[in-house]
Structure formats: C-alpha cells, structure tokens
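The primary structure of each chain is shown beneath.
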Protein chains: 2
Amino acid sequence: MVKTAARQPVPARRADAERSIAAILEAGTRLLSADPTASVADIAKAAGVGRVTLYGHFPSREALVDAVLDHAVRMADDVLEDESIDTAPAPEAMAGLLGRAWEILDRHRRLFLAADRTLATERIREHHERPLRRVERLIARGRREGDFRTDLPLPWLVTVFFSVVHSAAQEREAGRLAADEVERVLVQTMLSLLRPGE
Amino acid sequence: MVKTAARQPVPARRADAERSIAAILEAGTRLLSADPTASVADIAKAAGVGRVTLYGHFPSREALVDAVLDHAVRMADDVLEDESIDTAPAPEAMAGLLGRAWEILDRHRRLFLAADRTLATERIREHHERPLRRVERLIARGRREGDFRTDLPLPWLVTVFFSVVHSAAQEREAGRLAADEVERVLVQTMLSLLRPGE
C-alpha cells in the first residue's frame with residue numbers, strides 16, 4: 001500500500017509532462033505558422049504553461065523550433081497518406097502528391113521560415129525523412145515504369161524535390177509567386193525535371 | 001598646423017580599421033571554408049587582430065559570417081565574369097556558367113554551410129544578388145532566342161537555379177554526390193528545367 005502510494009505520483013507527473021509537451025507543440029505550431037518570430041514567452045502563454053516548465057522541456061528557442069517542426073511534419077505526413085501514390089500513373093501521382101504537399105506547406109510556411117532562420121537546412125531535411133521516403137518510392141516506381149528519367153541519381157531527384165517545394169514556400173512568402181500559380185509552377189517544374197531525356 | 005596634426009590620426013585610424021577588416025574577412029573566408037564551425041576567436045587569431053577589435057567591427061558571430069559570405073560572393077562574382085555568357089548559345093552558356101559557379105562554390109562550400117547554419121536562406125540569397133542577376137540575364141536571353149521555356153516565371157527559374165546549385169553543395173558535403181559527377185548532374189538538371197515544353 002505504501003509502495004503503491006509512493007509510486008503513484010510518478011505516472012501522474014509523467015502524464016502532466018506529456019500534457020504540457022503536447023500543449024506546447026500545438027501552441028508552437030499555431031503561433032509560429034502565423035508569425036515566424038513568435039517568442040518562447042508567447043508560446044508558453046498560449047500553451048498555458050509557465051516559462052520555467054517550457055524551458056524544462058525545451059532548453060532553448062532552437063530546441064523548441066526543432067521539436068515544433070518535427071511535430072508539424074509528422075502531422076503533415078499523415079495527410080500525405082493516399083493510396084493513389086502507389087496506383088496512379090507516376091506523373092499523375094506526382095502532381096497529386098505535390099498538390100497535397102503544397103496545401104500543407106502553404107498553411108505552415110511561416111513555421112518553415114522560423115525553422116529556416118533557426119536550424120541548418122540539413123537538419124530541416126532530416127525532419128522530412130518520412131515524407132521524403134514517400135517521394136523517393138514514387139520516383140523509383142516512375143523510373144521502373146519508364147515515366148521518369150534514370151540518368152540522374154535517385155537521391156538527387158529527391159533532394160531537388162525537397163528544395164523546389166521549399167523554395168516555393170519562400171517565394172510565396174516573399175510575394176514573388178502568386179497564391180494561385182504555385183501549384184501549377186511546382187507541378188510543371190518537377191515533371192520537366194523528372195521526364196526522361198530525349 | 002595644430003588643426004592638421006589634430007586631424008592626422010583620423011585617416012590613419014581609418015586606414016588601420018580598413019586593414020583589420022580586410023584581414024578579418026580574408027581569414028574568415030579561409031577558416032570557414034575549411035571548417036564551418038570555426039570560432040570567432042580562431043578567426044581573430046588568424047587575422048592577427050584582438051577579439052575586442054574583431055567584435056568592434058562585427059558584434060556577433062552572425063554579423064561576421066554575414067560579412068564573410070558577402071566578401072566571398074563578391075570575389076566569386078568577379079570570377080564568373082566571362083564574355084561567353086552573352087555570346088554563346090544560351091544552353092551552352094548556361095553549362096559554362098554552372099561549371100564556373102560550381103568550381104567556386106565547391107571550394108567555399110563549407111563557408112556556405114556555416115552561412116546556412118547561421119543565416120536565413122532569404123538573407124543568403126540577398127548576398128547572391130549580383131551573380132543571380134547574371135543568371136537572370138542569361139535565362140532571359142535564352143527565352144528570347146527560343147532556347148529556354150517561357151511558361152514559368154523568370155524569377156522562379158532564377159530561384160530554382162539558386163536552390164539547385166546550393167543543394168548540390170550540401171549533397172556533396174554530405175557525401176551523397178560524388179565530386180566527379182556534380183557538374184554533369186547540375187548541367188543536366190538545369191537544362192531539363194529550362195528546356196521549352198513539348
């Protein structure tokens with residue numbers, strides 16, 4: 001009985017910590033997607049936790065932005081899940097994937113800018129490992145089926161996909177690409193790049 | 001006479017400051033191109049100036065990396081100067097420009113990584129304004145002469161050039177692209193992206 005009572009607080013504290021972390025990540029995603037310069041104090045306030053609690057979980061703004069990006073990419077990856085990626089002809093599946101990826105990224109593009117100002121591109125790319133595996137699988141299938149080029153390395157084509165999509169987010173934010181032309185521009189850019197050479 | 005004597009130290013101090021700044025930028029370019037994590041103290045030592053002097057000119061590591069990147073891009077831009085950019089057929093001129101740009105960037109790719117870890121992509125792009133104007137001029141000529149596509153916005157094509165070349169530097173540094181294949185991969189990637197649609 002004493003043992004049980006002594007142990008009780010540990011899972012309770014852990015559950016508290018998990019709730020705090022979830023609230024911080026939710027608030028961080030929301031605030032940074034609205035304003036890439038949102039402060040740690042603003043995020044703590046919106047999450048309903050104290051700054052000391054926040055810093056207990058994320059010791060720096062960099063650590064917080066890193067965790068928020070990871071959280072947002074995981075949510076985005078679930079939305080990307082669509083069976084057409086494995087069944088439609090590869091160029092059509094690529095156009096559909098780009099449309100869905102852009103829709104999510106556009107909503108979170110300021111969060112991506114916050115990440116870009118805080119983290120190295122290499123680190124940002126690491127967080128995108130799961131969605132980029134989908135892209136890689138699709139390009140590999142398109143190569144096998146003769147729809148996509150095989151004269152450039154597969155990892156390079158995946159990298160160009162990643163940088164082209166993220167360039168679009170930056171151009172959109174800077175006002176150099178209009179909202180209604182981004183998807184067409186992305187699809188034409190990637191399909192030209194993937195088309196087998198003459 | 002007194003007036004002259006009183007004024008003398010000012011240009012002398014200014015000349016001293018200019019010499020210090022030049023030495024810091026030279027050492028910064030050299031050290032950061034070898035190791036993107038080079039410290040402010042290492043750079044001050046290599047430049048033969050005290051840390052106080054260095055911080056007097058560049059109040060943070062970020063300010064120093066920003067100035068070193070600007071310095072390196074200016075030097076690089078002089079090397080890119082080549083009359084073939086305005087005379088050779090546009091696809092051939094693009095291949096030549098990519099070759100020269102890659103040669104310089106490959107040498108300084110660790111400095112670029114240092115910049116990427118410290119500055120926002122938007123800021124890094126601003127430093128490349130002069131070389132990117134050359135790229136824009138060449139793509140515009142290729143469009144007029146019917147060698148390059150006109151169905152995507154010109155600023156977008158310039159942006160894709162910038163991100164593709166910088167992705168190559170990152171892939172090369174990460175060991176995902178072999179040294180002897182980068183130039184071919186870059187040229188094929190950009191020419192596929194610029195080719196007019198069927």
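Procedures and definitions
Residues numbered from 1 in each chain as written. Chains lettered and ligands numbered in written order. Predicted model: local features only at pLDDT ≥ 70, side-chain atom pairs only at ≥ 80, totals over all residues. Heavy atoms only, no water. UniProt positions renumbered as here; feature names shortened; annotations may be inferred. Helix = DSSP H or I, 4+ residues; strand = E, 2+ residues; numbered from the N terminus. Least-squares fit on C-alpha atoms with pLDDT ≥ 70 in both. Contact = heavy atoms within 4.5 Å. Buried < 20%, exposed > 50% of the residue type's maximum accessible area, 1.4 Å probe, protein only. Lys, Arg positive; Asp, Glu negative; His and termini not counted. Salt bridge = Lys/Arg side-chain N within 4 Å of Asp/Glu carboxyl O. pLDDT = per-residue confidence, 0-100.

Visitor: Got a minute to help me understand the UniProt feature "DNA-binding region" (unreviewed entry) in chain A in this structure?
Guide: Under the UniProt annotation, "DNA-binding region" (unreviewed entry) lies at residues 39–58 of chain A. Its end C-alpha atoms 13 Å apart, residues 39–58 of chain A is made of 75% helix and 0% strand.

Visitor: Where do I start with the relation of the copies chain A and chain B in this structure?
Guide: Between the two copies of the chain lies a relationship made up of a rotation around an axis and a movement along it. Expressed as a screw transformation, the operator carrying chain A onto chain B has a rotation angle of 180° and an axial translation of 0.0 Å, and the superposed copies differ by an RMSD of 0.0 Å. Such a combination of rotation and displacement between the chain copies is what one expects of a two-fold axis. The position closest to the rotation axis in chain A is occupied by the C-alpha of L193 of chain A, lying 2.7 Å away. A shared interface surface links the copies, since 100% of the contact residues of chain A are contact residues in chain B too.

Visitor: Help me understand the side chain of R172 of chain A, please; the structure alone is not making it clear to me.
Guide: Residue and element names in this part refer to chain A. Relative to the helices and strands, R172 is located in helix α11 (residues 154–173). We note that R172 is buried and unpaired, the nearest opposite charge coming from D106 at a distance of 4.1 Å. R172 has contacts with W102, D106, R109, L177, A178, A179 and V182, leaving out every residue within four places of it along the chain.

Visitor: Would you explain the confidence of the model for chain A in this entry?
Guide: Fine structural detail should not be taken from predicted coordinates in areas where pLDDT scores are low. On average, residues of chain A score 89 in pLDDT, and 94% of them reach the 70 mark or higher. Below a pLDDT of 50 lies the segment residues 1–5 of chain A, which in the model reaches zero contacts outside its immediate sequence neighbourhood of four places, other chains included.

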